[in-house]
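# Fold and contact review
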Amino acid sequence: MIKEQIKIAAGEPITGGNRYPQMHAMECRINAEDPNFDFRPSPGKITSFHSSKGHGVRVDTHVYAGYTIPPYYDSMIAKLICRARTREECIRKMERALDEFIIEGPKTTVSFHQKLMKDENFRKGDFNTSFLNDFNFKD
């Protein structure tokens, strides 16, 4: 895909045929924020860290146990990305990956994402840009 984009940018014609999505993927951004208090930043030292693993699970992160999340920058801890053949499989894989994700120390958005994955409307794909206005995610 990238190769084709570069060719297009160089003025060359597209060489491939039509391509259609064959799998599903989703990403949860794990932030050092407290979802129970309007996603207020939660800087501090990570005392324990274990990220999810497995087929179709990817974690992009720079943190580790002992790392201190500073209050001055973006609060992102990790991007948790799951892929699977169907949307439902992808959601189930993300649920498992979130359940395995352990971060002790600062508050994180893991619990928010766990509740989102269990929401019936989210699972059905019945949501829009105002979905979170009425979503009850607080503990």
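Use the structure listed above.
Residues numbered from 1 in each chain as written. Predicted model: local features only at pLDDT ≥ 70, side-chain atom pairs only at ≥ 80, totals over all residues. Heavy atoms only, no water.

Take the environment of Leu116 next. Within the fold, Leu116 resides in helix H3 (residues 110-118). Taking the relative accessible area as the measure of exposure, Leu116 reaches 12% and is therefore buried. Excluding residues within four positions of it along the chain, Leu116 makes contact with Phe122, Phe131 and Phe135. (Helix = DSSP H or I, 4+ residues; strand = E, 2+ residues; numbered from the N terminus. Buried < 20%, exposed > 50% of the residue type's maximum accessible area, 1.4 Å probe, protein only. Contact = heavy atoms within 4.5 Å.)

Right, let's get into the pattern of salt bridges. Enumeration over the complete set of coordinates arrives at nine salt bridges. The partner of Asp60 in a salt bridge is Arg58, and the shortest N-O contact between them spans 2.7 Å. By relative accessible area, which is 26% here, Asp60 ends up partly exposed. Residues Glu88 and Arg123 are paired through a salt bridge, measuring 2.5 Å at the closest nitrogen-oxygen approach. You can see Glu88 sitting in helix H2 (residues 87-100) and its partner Arg123 sitting in helix H4 (residues 120-124), a full 35 residues away along the chain. By relative accessible area, which is 30% here, Glu88 ends up partly exposed. (Salt bridge = Lys/Arg side-chain N within 4 Å of Asp/Glu carboxyl O.)

Attention shifts here to the packing of aromatic side chains. Scanning the entire structure with this criterion turns up eight aromatic pairs. Taken together, a centroid distance of 5.4 Å and an interplanar angle of 85° make the contact between Phe39 and Phe112 edge-to-face. With Phe39 in the loop between strand S2 (33-34) and strand S3 (40-41) and Phe112 in helix H3, this residue pair connects regions lying 73 residues apart in the sequence. What makes Phe112 buried here is its relative accessible area of 9%. When the ring of Tyr64 is compared with that of Tyr67, the centres are 5.5 Å apart and the planes differ by 70°; the resulting orientation is edge-to-face. Each residue in the set Phe39, Phe112, Phe122, Phe127, Phe131 and Phe135 is aromatic and connected to the rest through ring pairs, giving one cluster. Directly above the ring of Phe122 sits Arg87, whose terminal nitrogen or CZ lies 5.0 Å from the centroid. (Phe/Tyr/Trp six-rings, centres within 6.5 Å; stacked < 30°, edge-to-face > 60°. Lys NZ or Arg CZ within 6 Å of the ring centre and 35° of its normal.)

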